[in-house]
Amino acid sequence: MSLGLIWFTLADSTIAPNFNLTGVVLISLALCADAVIGNVQEKAMKLHNASNSEMVLYSYSIGFVYILLGLTCTSGLGPAVTFCAK
């Protein structure tokens, strides 16, 4: 995964003249979160005797709330709703 991210970044910087560092930072943060989430979920499952279905439900629900709050704070939700309404 790390090599793929490096190659993607290098290809993007050589092809696109307007290189956006924010995208690389966001992809890097997503990669780090993806690496950590497996251990966090396993620990929570053992601690609370939860099933796989419960873990998926809570993980997706928390992620949905975070994304919804982020879109609302950055005014990204309005254009998305307008596009889907068309």
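To start, this report covers the structure provided alongside it. These numbers come from a predicted model, not from an experiment.

1. Some details on the pattern of salt bridges
Reasoning step 1: According to the stated counting rule, one finds 1 salt bridge in the structure shown.
Reasoning step 2: Across the pair glutamate 42 and lysine 46 runs a salt bridge whose closest N-O atoms are separated by 3.4 Å. Here glutamate 42 pairs with lysine 46, and both are found in helix H2 (residues 21-48), just 4 residues apart, close to one helical turn.

2. A look at unusual backbone geometry
Reasoning step 1: In this model, asparagine 49 sits at a positive phi of 55°, which is unusual for a non-glycine residue.
Reasoning step 2: For asparagine 49, a relative accessible area of 71% translates into the label exposed.

3. Here's the deal with helix H3 (residues 52-73)
Reasoning step 1: In a regular helix each residue adds 1.5 Å, so 22 residues correspond to 32 Å; H3 covers 32 Å between its end C-alpha atoms and thus fits that length.
Reasoning step 2: Trailing H3 by a residue or two, serine 75 shows a phi angle of about 60°, which is positive.

4. Description of a nonpolar patch on the surface
Reasoning step 1: On the surface, a cluster of nonpolar side chains totalling about 700 Å² of accessible area is made up of Phe64, Val65, Ile67, Leu68, Leu69, Leu71, Leu77 and Val81.
Reasoning step 2: When residues of the nonpolar patch are traced back to their parent elements, those giving at least two are H3 and helix H4 (77-85).
Reasoning step 3: Per element, the largest residue contribution to the nonpolar patch is 6 residues, and it comes from H3.
Reasoning step 4: Mapped onto the fold, isoleucine 67 is located in helix H3.

How each quantity is defined
- Residues numbered from 1 in each chain as written.
- Predicted model: local features only at pLDDT ≥ 70, side-chain atom pairs only at ≥ 80, totals over all residues.
- Heavy atoms only, no water.
- Salt bridge = Lys/Arg side-chain N within 4 Å of Asp/Glu carboxyl O.
- Helix = DSSP H or I, 4+ residues; strand = E, 2+ residues; numbered from the N terminus.
- Buried < 20%, exposed > 50% of the residue type's maximum accessible area, 1.4 Å probe, protein only.
- Expected span 1.5 Å × (residues − 1).
- Patch = residues over 30% accessible without salt bridge, like charges linked within 9 Å, V, L, I, M, F, W, Y side chains within 5 Å.
- Areas by Shrake-Rupley, 256 points an atom, 1.4 Å probe, with all protein chains shown as cover.

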